[in-house]
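Residues per chain, in single letters:
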Amino acid sequence: MKKETKKQLLIGAALVLELLFLLLYLNGRIDRLLDSDMSSEMILGQLLARNNGILSDQWYYSTELRVLNTQLIYALFFRLSSNWHFVRMASTLVLWCVLIASYGVLCRVMGCKKSFGVTALLLAAPVSESYFRFVLAGVYYVPHLAIAFAALALNEAYFKAKPDRKKFWLVVSVLLALVAGLGGPREIIALYAPLGLAAAAELAWERNNETKRQQFIYAAFVGASALIGYALNRLVLARIYTFLTWGGLSFKLADGARMKMVFYSFLTLYGAAKETAGSTFTFALSAAWIVLTIGCIVYAYTHKVSEGYRRLAGFVSAGYVVYILLYFLTWMTFNERYGLLNTVLSVPLFAVALKEVRVKEHVKKAVTAVFLAAVAAGCVLLLVRMDGVDETFEKRVIADKMVAEGYENGYATFWNGNVMTELSGGKIQMWVWSDATWDQHGTDVDAMYQWLQLTSHDTGRPTGKVFVLFSREEFGNNPWKQNLQPENVIYESEEYVVMGYPDYDTMKATLEKDL
């Protein structure tokens, strides 16, 4: 067996073991990390499985119409099993494989398949809490990352194709952009706008370069396709399906605190963690990620490298520019996890750099080994910290109690709602109220939150026994407070109060009495 083949097999085995370890780790702990956002995806998947669809007009979506997204995988496994835990874990594994496979295609097209295995280890590594929660455990961001890898791979396939095959790759790229745009503006902002900005910058730098001109034309075609998809989202799909559309962005220059928050988020996305064991080490490791990323980009612009490397470096740079300008010049709601795509793109950048950066081979191997060892140590620190996290302990107790006492339907605000369905293994259906302040909710118990729940909850009413779940804070401040009687309390703790009623009519009459 050739030395290189043996090396790649060992790296492949390491990747499989990494994924297996992570799967086993989550298998025994995922219930502790669940929230209603995660469970909403599962509920939608089950609905799609029942209706044999990929979209549903019986569901209140959030700000995005889930087209190419996780619910397709959940729906697939709900057709095979009714066990919620199995569906979640099997879907999680499949989505990890989708992520790794899409990255593998990108590496192959970029001509750095020898770097694929060693850098794929980073994709499966819980390098930060956000990456762990939203990519590896919650898998929300896997479709977005996979679409980005696929789009970049198609970009390179187009430029490397023979003239008679370029039209084919352009058509495929345009179709992917169209479908991505159907889901909403996310992919346009995070993927296709940077692609266009990078192409425009390259053309401005070398106006007479035919390759740069083709790059710009390609970016214009796929960008226009994504915009057409978004137009269909707003003009057609919004009339069929219920989801919140983005309003206009209000322009406002960010203050110093917001700027600091945006820049600091890059450190935390790479693993920096305050006031935890090893915090100094995690900050140093985050700095290493950033320095290596910047170094790879600078190298692409200061040395003779392949066009593909240059395009990737330009795209990553443009992605950061668009992201920073978005939050510096508008008052768009900021959340650290929105920067995950930007930071994850360091991985393919490293893969290409490992192939093209011209330094002595033993130096490359030493830097790679030290960096991977440091990342592994950071991951261990994070997993040890997350092992002590249990965010649903009492909700699990309540779910078990409700199932044992024959309750199949309940009412709660959003963050205490859908998660109860998954924690009960689908045995409890929740009617969800808004999480707005209670004095804004009003006294009508039938006023449902039009967000991540069945549309039938607006008019359909539960049968059989019904419980109402309040957090302790909600229990002390809600429009029905005067009608909450001690004799109806079936569970009480420092955090939650649960009221039980023999049926929906009794619950409604009791809560709304004299209001």
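Structure's up top.
Residues numbered from 1 in each chain as written. Predicted model: local features only at pLDDT ≥ 70, side-chain atom pairs only at ≥ 80, totals over all residues. Heavy atoms only, no water.

Draft legend 1. Examining unusual backbone geometry more closely. The backbone of Asn52 shows a phi angle near 50 degrees, a positive value even though the residue is not glycine. Of note, Asn52 is situated in the loop between helix H3 (36-51) and helix H4 (71-78). A relative accessible area of 60% means that Asn52 is categorised as exposed. Located in the positive-phi region is Val139, a residue other than glycine, with phi close to 55 degrees. In this structure, Val139 sits in the loop between helix H7 (129-137) and helix H8 (142-160). (Helix = DSSP H or I, 4+ residues; strand = E, 2+ residues; numbered from the N terminus. Buried < 20%, exposed > 50% of the residue type's maximum accessible area, 1.4 Å probe, protein only.)

Draft legend 2. A look at the nonpolar core. Core analysis: the largest hydrophobic core is formed by 146 residues, its most contacted members being Tyr192, Trp289 and Tyr309. In terms of residues, this core owes the most to one element, helix H5 (residues 84-110), which gives 12 residues. For Trp289, the contacting residues outside a window of four places in its chain are Leu122, Val127, Tyr270, Ser346, Val347, Phe350, Phe371 and Val375. By size, the runner-up hydrophobic cluster in this structure holds 17 residues, among which are Val466, Trp480, Leu484 and Leu511. (Core = buried A, V, L, I, M, F, W, Y, C linked by side-chain atoms within 4.5 Å. Contact = heavy atoms within 4.5 Å.)

Draft legend 3. Representation of the pattern of salt bridges within the structure. Summed over the entire model, instances satisfying the criterion amount to 21 salt bridges. The closest approach of N and O atoms between Arg29 and Asp387, which form a salt bridge, is 2.4 Å. Highlighted residues: Arg29 in the loop between helix H1 (3-27) and helix H2 (30-33) and Asp387 in helix H17 (residues 361-387), separated in sequence by 358 residues. Its salt-bridge partner being Lys508, residue Glu512 comes within 2.9 Å of it at the nearest N-O pair. Residue classification places Glu512 among the partly exposed residues on the basis of a relative accessible area of 23%. (Salt bridge = Lys/Arg side-chain N within 4 Å of Asp/Glu carboxyl O.)

Draft legend 4. The arrangement of the packing of H5 against H8 in detail. Relative to each other, H5 and H8 sit at 20 degrees, their axes nearing to 8 Å. Comparing their axes, H8 and H5 come out roughly parallel. For the pair H5 and H8, the crossing hand works out as left-handed. Touching Leu95, Val98, Leu99, Ser102, Tyr103, Val105, Leu106, Val109 and Met110 of H5 are Val142, Leu145, Ala146, Phe149, Leu152, Ala153, Glu156, Ala157 and Lys160, all from H8. Counted by class, the contact of H5 with H8 contains 15 nonpolar, one polar and two charged residues. (Axes fitted to C-alpha atoms, helices over the stretch in contact; angles between N-to-C directions. Parallel < 35°, antiparallel > 145°, perpendicular 65-115°, else oblique. Left-handed = near helix turned anticlockwise from the far one by under 90°. Nonpolar A, V, L, I, M, F, W, Y, C, P; charged D, E, K, R; others polar.)

Draft legend 5. Examining a nonpolar patch on the surface more closely. A surface patch of nonpolar side chains, about 600 Å² in accessible area, is lined by Leu197, Phe251, Leu253, Val321, Leu325 and Leu329. No other element matches helix H14 (residues 307-329), which puts three residues into the nonpolar patch. In this fold, Leu329 is placed in helix H14. According to the relative accessible area criterion, Leu329 is partly exposed, its value standing at 37%. (Patch = residues over 30% accessible without salt bridge, like charges linked within 9 Å, V, L, I, M, F, W, Y side chains within 5 Å. Areas by Shrake-Rupley, 256 points an atom, 1.4 Å probe, with all protein chains shown as cover.)

Draft legend 6. Structural detail: the environment of Met420. With respect to the helices and strands, Met420 occurs in helix H19 (residues 418-423). Considered as a pair, Met420 and Asp446 are 26 residues apart in the sequence and their alpha carbons are 19 Å apart. With residues near it in sequence (within four places) discarded, Met420 still touches Lys395, Ile398, Ala399, Ile428, Met430 and Leu469.

Draft legend 7. Fine view of the packing of helix H10 (residues 186-205) against helix H11 (residues 210-240). At a minimum axis separation of 8 Å, H10 and H11 run at an interaxial angle of 155 degrees. One way to sum up the angle between H10 and H11 is to call them roughly antiparallel. Handedness of the H10/H11 crossing: left-handed. Where H10 abuts H11, its residues Ile188, Tyr192, Leu195, Gly196, Ala198, Ala199, Ala200, Glu202 and Leu203 lie against Lys212, Arg213, Gln215, Phe216, Tyr218, Ala219, Val222, Gly223, Ala226, Leu227 and Tyr230. Taken together, the residues of the contact of H10 with H11 break down into 14 nonpolar, three polar and three charged.

Draft legend 8. Summary view of the side chain of Ser471. Residue position: Ser471 is located in strand S3 (residues 466-471). Filtering out sequence-adjacent residues up to four positions away, Ser471 remains in contact with Asn416, Glu495 and Tyr496.

Draft legend 9. Examining H8 more closely. Over its 19 residues, H8 extends 27 Å from the first C-alpha to the last, a length consistent with the 27 Å expected when each residue adds 1.5 Å. A large share of H8 lies buried, amounting to 17 of its 19 residues. (Expected span 1.5 Å × (residues − 1).)

Draft legend 10. Summary view of the packing of aromatic side chains. Taken as a whole, this structure holds 31 aromatic pairs when the rule is applied. Centre to centre, the rings of Tyr158 and Phe159 are 5.1 Å apart; their planes meet at 80 degrees, and the pair counts as edge-to-face. A single burial state applies to Tyr158 and to Phe159, both of which are buried. Geometrically, the ring pair formed by Phe470 and Phe475 is edge-to-face, given 6.0 Å between the ring centres and 65 degrees between the ring planes. The class of Phe470 is buried, set by a relative accessible area of 0%. Among the aromatic residues, ring-to-ring pairing joins Phe263, Phe266, Tyr320, Tyr323, Tyr327, Phe328 and Phe334 into one connected group. Here the basic side chain of Arg29 rests over the ring of Tyr25, its NZ or CZ set 4.1 Å away from the ring centre. Over the ring of Trp331 we find Lys252; its NZ or CZ atom is 4.7 Å from the centre of that ring. (Phe/Tyr/Trp six-rings, centres within 6.5 Å; stacked < 30°, edge-to-face > 60°. Lys NZ or Arg CZ within 6 Å of the ring centre and 35° of its normal.)

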